[in-house]
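Commentary on secondary and tertiary structure
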Amino acid sequence: MRVTADGKTLFEGILQKGMQQSFSAQKELTIRSGNAGAVLVSVNQKEAQPLGKLGAVREVTFTPEQ
């Protein structure tokens, strides 16, 4: 998994099952996952949702408007 915020890489590696991380950005936050279904994402304190389907590679960019 890789997380970038406003063009800077904040995290690149593997999160173990059950681990939680918080990231923030001013303009945009991008998450790239090699197993999108295993990554739950909560944006602006909304209910966490899977980033995508299990086994799918997915890159998603979040902006303040979302």
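First, a word on what this report is: a plain description of the structure on this page. Predicted model only: the values in this text are computed from it and were never measured.

1. Concerning the overall build of the protein chain
Each helix and strand counted, the protein chain has 0 helices and 6 strands in total. Starting at the N terminus, the α and β elements of the protein chain follow one another as β-β-β-β-β-β. Over its C-alpha trace the protein chain gives a radius of gyration of 11 Å, about what one expects of a compact globule, namely 11 Å for 66 residues. Here the protein chain holds 66 residues, and the buried ones make up 24% of them. The long-range fraction of contacts in the protein chain, counting pairs at least 24 apart against all pairs at least 6 apart in sequence, stands at 35%. Accessible surface, the protein chain as shown: approximately 5,100 Å² in total, 47% of it carbon and sulfur.

2. Considerations on the packing of aromatic side chains
Within this structure, the stated rule accounts for 1 aromatic pair. Pairing Phe11 with Phe23 gives two aromatic rings, centres 6.3 Å apart and planes at 50°, and the pair type is tilted. On the criterion of sequence distance, the pair formed by Phe11 in strand S2 (residues 8-12) and Phe23 in the loop between S2 and strand S3 (29-33) is long-range, its members being 12 residues apart. A relative accessible area of 26% places Phe23 in the partly exposed class.

3. Some words on the sheet that holds S2
Ordered by their spatial adjacency, 4 strands build an open sheet running S2-S1-S3-S6, and the pairing between neighbours is antiparallel. Unpaired on one side and paired on the other, S2 and strand S6 (58-62) mark the two borders of the sheet. Ignoring which end each strand starts from, the neighbouring axes of this sheet average 15° apart. Examined bridge by bridge, strand S1 (residues 2-5) and S3 share 4 bridges and lie antiparallel to one another. Among the inter-strand pairings, Ala5 is bridged to a residue of S3, identified as Leu29.

4. Concerning the nonpolar core
Val3, Ala5, Phe11, Leu29, Ile31, Ala36, Val39, Val41, Val43, Leu51, Val60 and Phe62 form the largest nonpolar core, which has 12 residues in total. Secondary structure elements with two or more residues in this core: S1, S3 and S6. The residues touching Val3, leaving out its near neighbours within four places in the chain, are Lys8, Thr9, Leu10, Phe11, Phe23, Leu29, Thr30 and Ile31.

Conventions used here
The residue numbers shown here count from 1 along each chain, following its written sequence. Side-chain atom pairs in this predicted model are given and counted only at pLDDT of 80 or more, local residue features only at pLDDT of at least 70, and totals for whole chains, interfaces and linings cover all residues. Side-chain numbers come from the whole structure's heavy atoms, not from hydrogens or water. Numbering goes from the N terminus for both helices and strands, where a helix is a DSSP run of H or I of at least four residues and a strand is a run of E of at least two. It is over C-alpha atoms that the radius of gyration is taken, and the globule rule equals 2.2 Å times the number of residues to the power 0.38. Between buried and exposed lies partly exposed: a residue is buried under 20% and exposed over 50% of the maximum accessible area for its type, with that area taken using a 1.4 Å probe on protein chains only. Every residue pair with non-hydrogen atoms within 4.5 Å of one another is taken to be in contact. With residues, only the protein chains shown are counted as cover, and all accessible areas are computed by Shrake-Rupley using a 1.4 Å probe. In summary, the pairing rule links any two rings of Phe, Tyr or Trp, Trp by its six-membered ring, whose centres are within 6.5 Å, and it sorts them by plane angle into stacked for under 30 degrees, edge-to-face for over 60 and tilted for everything else. Two strands qualify as a pair provided DSSP detects at least 2 bridges between them. Axis definition: a line fitted to C-alpha atoms, limited for helices to the stretch in contact. Angles are taken between N-to-C directions and run from 0 to 180 degrees. What makes a nonpolar core is a set of buried Ala, Val, Leu, Ile, Met, Phe, Trp, Tyr and Cys residues whose side-chain atoms join them at distances within 4.5 Å.

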